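Listed below, chain by chain, are the residues.
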Amino acid sequence: MALALLIAASISGIATPSCAQTVPIPKPAPKARDPQTGTSDGQKGPMTTGAMQASPPNPVIPDPHRNVPASIFATFDANQKAQAAKVSSYLSSLQTVSGNFVQVGPDGSKTKGDFYIQKPGKVRFEYAAPSPIAIIADGSMLAVRDRNLATQDLYPLSQTPLRYLLSDRIDLLKDTNVVSVTADDLFVSVTIEEKQMLIGTSRLMLMVGAKDGQLKQWTVTDPQGYDTTVAVYNLDTSRKLDPGMFKIDFTDHSIPPG
């Protein structure tokens, strides 16, 4: 639910949803947690093909005070550029991927679910019960569905932070405003900043494994400074996905099975 609300909040100033729905104001972000709690051992292996199932990871919660204003003169050394290039190449190689996710909202609450990505521009997030939420993008629009309320809010995909993950090909240093590239023994992290006149500044921090180079998690920071972190695991790049699961029915607000 938090990801849905954050997406809605980040674009509500410039996009009008098809079904008006009040977006609650998130609670203050939790205090930073020990980054050494990182990912579980099951997340360090190669991408699965469905045969192996890893345990849910513990998402790494970024320091909420990390988002200092970026310098327009920021430059990156050769190593940082190489790291960003590797992440760009990896993201571009992910044409079809599915798996599980653990989400931590701005108030510290955790939810789980399944996700499916088919590039370019298609994604489906299904939240486990009791959450009634599903998020679906069909390549141009993004729908936030609520099964309990029978509502469906629509936003242009181009105005959501998910578009960077769903791009067919991407060069982060050329195609986005990268403000930070860092690396340690566990992760390579690339932070993208986007400034919109009517909305404010939002950020997307992508984290891949330092050893296996695979996507581990991302954190979206909305213009109010609230973070939503999504850690992914059990990644499967070989599964064929039904195109129908990315179809947005503009008349039926129920959530069909994935």
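Use the structure listed above.
Keep in mind it's a predicted model, so treat the numbers as computed, not measured. (Residues numbered from 1 in each chain as written. Predicted model: local features only at pLDDT ≥ 70, side-chain atom pairs only at ≥ 80, totals over all residues. Heavy atoms only, no water.)

Engineer: Honestly, the sheet that holds strand E4 (residues 133–138) in this entry has me stumped. Any pointers?
Structural biologist: Pairing between the strands of a sheet is mediated by backbone hydrogen bonds and can be parallel or antiparallel. One open sheet holds the eleven strands; their spatial order is E6-E5-E4-E3-E2-E1-E11-E10-E9-E8-E7, and the pairing between them is antiparallel. Unpaired on one side and paired on the other, strand E6 (151–156) and strand E7 (178–183) mark the two borders of the sheet. Going from strand to strand, the sheet's axes swing by 20° on average, the running direction of each strand aside. Bridge analysis of strand E10 (residues 215–221) against strand E11 (residues 227–236) gives five bridges, and the strand direction is antiparallel. Looking at the pairing, Gln217 lines up with Ala231 of E11. (Pairing = 2+ DSSP bridges. Helix = DSSP H or I, 4+ residues; strand = E, 2+ residues; numbered from the N terminus. Axes fitted to C-alpha atoms, helices over the stretch in contact; angles between N-to-C directions.)

Engineer: How should I be thinking about the pattern of salt bridges in this particular structure?
Structural biologist: Under the criterion given, the structure shown has five salt bridges. When the shortest N-O distance is used, the salt bridge between Glu126 and Arg124 registers 2.5 Å. Residue classification places Glu126 among the buried positions, given a relative accessible area of 17%. One salt bridge connects Asp212 with Lys216, and the closest N-O pair in it is separated by 2.8 Å. On the basis of relative accessible area, Lys216 is assigned to the buried category, the value being 4%. (Salt bridge = Lys/Arg side-chain N within 4 Å of Asp/Glu carboxyl O. Buried < 20%, exposed > 50% of the residue type's maximum accessible area, 1.4 Å probe, protein only.)

Engineer: What exactly am I supposed to notice about the packing of aromatic side chains here?
Structural biologist: One pair of aromatic rings is described through two measures. These are the centre distance and the angle between the planes. The full count for this structure, using the stated rule, is four aromatic pairs. When the centroid spacing of 5.2 Å and the interplanar angle of 80° are considered together, the rings of Phe101 and Tyr127 count as edge-to-face. Linking Phe101 in strand E1 (residues 96–104) with Tyr127 in strand E3 (residues 122–127), this pair joins segments that are 26 residues apart in sequence. The two residues Phe101 and Tyr127 agree in class, both being buried. Taken together, Phe101, Phe115, Phe125, Tyr127 and Trp218 form an aromatic cluster joined through their ring pairs. (Phe/Tyr/Trp six-rings, centres within 6.5 Å; stacked < 30°, edge-to-face > 60°.)

Engineer: Any chance you could explain unusual backbone geometry here in plain terms?
Structural biologist: It is generally the case that most residues other than glycine have a negative phi and that most peptide bonds are trans. Note that the residue after Lys119, namely Pro120, is joined by a cis bond; omega there is -5°. Looking at the element boundaries, Pro120 is found in the loop between strand E2 (110–118) and E3. Cis geometry is found at the peptide bond from Ala129 to Pro130, where omega equals 15°. Assignment of secondary structure puts Pro130 in the loop between E3 and E4. Phi is positive for Ala150, which is not a glycine, with a value near 55°. Following the sequence through the fold, Ala150 ends up in the loop between strand E5 (141–146) and E6. Residue classification places Ala150 among the partly exposed positions, given a relative accessible area of 47%.

Engineer: Just to check I follow, could you spell out the pairing of E11 for this structure?
Structural biologist: Strand residues, when the strand is regular, have side chains that alternate between the two faces of the sheet. E11 sits mainly inside the fold: ten of its ten residues count as buried. Sheet topology places E1 next to E11; six bridges connect them, and they run antiparallel. When the bridges of E11 are listed, Phe101 appears paired with Val232.

Honestly, that's just the spatial picture; any functional story needs more than this.
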